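# Geometric and topological summary
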Amino acid sequence: MTGPLPRPVADEDERLTGAELRRLTARVRAHNVPTEPGRVVADVGQVAITAALVVLYLWGFGAPVRELLASDASGFGLGHGLIQAMALALAVAAGAVVATRLGPAGLPAAGVRWWLPTSADRTGLVAPSVVRATLAAVGAGLLAGGAPALLVGATVGHVVLDAAFGAAVGLLVVGGAGLLQVSGEASGATADGTAGRVLTLLLAAVPVVGLGVALWAPAWAAWVVPWPVTAVLGLGGAAAVAGWAVRLDRLRAGELRARASAAMQASAALLSLDSGGASRALLSTGPATSRVLSGVPGLARGAVSAVLAADATLLARSSAALAGLVAVAASAAVAVQVPVLGGGIGLWVVLAGFGYAGAVAGAVGPRAAGENPRLDALVPLGARGARTVRTLWPAVTAAAVLLAAVVATGGWAWAGTAAPAAVVLGAAAVRAAYRGPVPWDVPMLATPAGAVPTGLVLHQATGPDLALLGTLPLAVAAVVGTASPTLVAVQTAFAVGAVLWAGHARRTR
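Below you will find a few notes about this structure. Since the structure is predicted, the reported quantities are computational estimates derived from the model, not experimental observations. (Residues numbered from 1 in each chain as written. Predicted model: local features only at pLDDT ≥ 70, side-chain atom pairs only at ≥ 80, totals over all residues. Heavy atoms only, no water.)

## Examining the overall build of the protein
Within the protein, the secondary structure is distributed over 22 helices and 2 strands. Residue burial in the protein is summarised as follows: out of 509 residues, 42% are buried. Considering only residue pairs separated by 6 or more positions, the protein has 80% of its internal contacts joining residues 24 or more positions apart. As displayed, the protein offers around 26600 Å² of accessible surface, 70% of which is attributable to carbon and sulfur atoms. (Helix = DSSP H or I, 4+ residues; strand = E, 2+ residues; numbered from the N terminus. Buried < 20%, exposed > 50% of the residue type's maximum accessible area, 1.4 Å probe, protein only. Contact = heavy atoms within 4.5 Å. Areas by Shrake-Rupley, 256 points an atom, 1.4 Å probe, with all protein chains shown as cover.)

Below, the structure is given as structure tokens:
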């Protein structure tokens, strides 16, 4: 027989829809892994008990927080209402970042591999993720709206109204993110995409605006949102979710694959408590990092200048890092206004904690080199030399945060130890950037509360340990209230030792 083969024609009645394909997969999974009786009831009960414990903890912590704010005699406007507003605004901005990066509509990795190549409709495939994302947004909004009101001691009725307002805002956020997703506007919602830049700027603007309101506005009492406002926002959010749901067939396969990969990375990082992996999954710069070195050759005149120029260019092009640095500096300025944190050990905790966070924000280059060791192999410096050079920009960003705290407190008497302490914090950030993967082969430690993964604890302590030990002279200066020449010299010696410690590279055979 010669000639072309007949073209196969599928029967439309035999083609599976997205919902039918999901149900078929669920039946196969249930056959292979039978469900345990009462498992759903146990899971629901566990969630209910956890929610009740969270409410009780917030209610218990509310009294010390209210007493702390009531003891503020400095006239600083960090009132109950400002705390509510900042907590809700941060939750909304962070939720928008997560929604645009990890969804809100998507498929699991296995679904992307096996379901997408089929002719099943996308609406039926991703419909469960829409329901889950909507419920998660409403639940997170309830918590973001009600928890701050409960913390500042609002009445039960006010807590319910604020929680309903938070749920309406969460519904509006997930609906807006879904509309961006189906329209293709959020297809590149990385840290350096348009949507990513806007969201990171909004996230950084919350502490800055809060600082301005606290400094130049009168104390803001606790507030409650009227129910008509909540109803209007809820209707708007419901309309956005409905418009998102009817356009699900417009989702592109490449976008679903990218979001499944990001979700898998984020879930693995959360399961292993890897903060670096979670930040990479949520704030990935995507292909933008390949353009980072384009401006370096004109600035580099040697190995050291090449490394510094590359790290500076990478930091300048990382909108998430710059926004985080601004947010950390503003948060430090706000924190030192609280009386118990404006001096003594409390001041040292603020300086060391926020200063280290600022150094981590500026350690974009060291983190890239820690994830890809070939970057350090490209320059003739050696492992110790490359790590030592990379300490500069994290130290500069840590110094910026410490300077904001010094200006906010007016503590110029102890500021002499701040500059060498910033070097210590920069070295601690470099040490954390090069700490590598979690050593899960370390034996676990048995405690009365259960087994503790020793390798995970040691991994998470790498970096903060140096920040804690290396800023002890700064702690003494904060407690005494002044920095003597001896303290400055000791802190400088600690800075030199911290740089040497951070530059140490373990030899491999």
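## Things to note about a nonpolar patch on the surface
On the surface, Leu 468, Leu 469, Leu 472, Val 490, Phe 494 and Trp 501 cluster together to form a nonpolar patch covering roughly 510 Å² of accessible area. Mapped by element, the contributors of at least two residues to the nonpolar patch are helix H20 (464–470) and helix H22 (485–502). Here Leu 468 is to be found in helix H20. (Patch = residues over 30% accessible without salt bridge, like charges linked within 9 Å, V, L, I, M, F, W, Y side chains within 5 Å. Salt bridge = Lys/Arg side-chain N within 4 Å of Asp/Glu carboxyl O.)

## Some details on helix H9 (residues 253–271)
Counted at 1.5 Å a residue, the expected span for H9 with its 19 residues is 27 Å, and the 27 Å between its end C-alpha atoms agrees. Residues of H9 that are buried: Ala 253, Glu 255, Leu 256, Arg 259, Ala 260, Ala 262, Ala 266 and Ala 269. (Expected span 1.5 Å × (residues − 1).)

## Describing helix H5 (residues 122–151)
The terminal C-alpha atoms of H5, which comprises 30 residues, lie 43 Å apart, in line with the 44 Å expected from a rise of 1.5 Å per residue. Taken from the residues just after H5, Gly 153 is the one with a positive phi, measuring 90°.

## Let's talk about the packing of helix H21 (residues 472–480) against H22
Their axes nearest at 8 Å, the elements H21 and H22 cross at an angle of 155°. Relative to H22, the element H21 is oriented roughly antiparallel. Seen along the crossing, H21 lies across H22 with a hand that is left-handed. Each of Pro 473, Leu 474, Val 476 and Ala 477 in H21 lies in contact with H22, whose residues at this interface are Leu 487, Val 490, Gln 491 and Phe 494. Here the contact of H21 with H22 is built from residues that sort into 7 nonpolar, 1 polar and no charged. (Axes fitted to C-alpha atoms, helices over the stretch in contact; angles between N-to-C directions. Parallel < 35°, antiparallel > 145°, perpendicular 65-115°, else oblique. Left-handed = near helix turned anticlockwise from the far one by under 90°. Nonpolar A, V, L, I, M, F, W, Y, C, P; charged D, E, K, R; others polar.)

## Topic: the side chain of Thr 417
Within the element layout of this structure, Thr 417 appears in the loop between helix H17 (392–409) and helix H18 (418–433). Polar contacts involving the side chain of Thr 417 include one to the main-chain carbonyl oxygen of Trp 414, which spans 3.0 Å. The contact partners of Thr 417, leaving out residues within four places of it in the chain, are Leu 474, Ala 477, Ala 483, Leu 487, Val 488 and Gln 491. (Polar contact = N/O pair within 3.5 Å; in protein donor to acceptor, adjacent residues only side chain to side chain.)

## Quick look at the packing of helix H12 (residues 319–335) against H17
Describing two packed helices takes the angle between their axes plus the distance from one axis to the other. Where H12 contacts H17, the axes come no closer than 8 Å and their chain directions differ by 30°. With respect to each other, H12 and H17 are oriented roughly parallel. The handedness of the crossing between H12 and H17 is right-handed. The residues of H17 that touch H12, namely those facing Leu 325, Val 328, Ala 329, Ala 332 and Ala 333, are Thr 397, Val 401, Ala 404 and Ala 408.

## Concerning the pattern of salt bridges
Tallied over the entire structure, the rule returns 4 salt bridges. Asp 311 is the salt-bridge partner of Arg 390, the closest N and O atoms lying 2.6 Å from each other. Here Arg 390, found in the loop between helix H16 (382–389) and H17, pairs with Asp 311, found in helix H11 (residues 303–316); they are 79 residues apart in sequence, far enough to count as distant. Taken together, the salt bridges that share partners define one network made up of Asp 311, Asp 376 and Arg 390.

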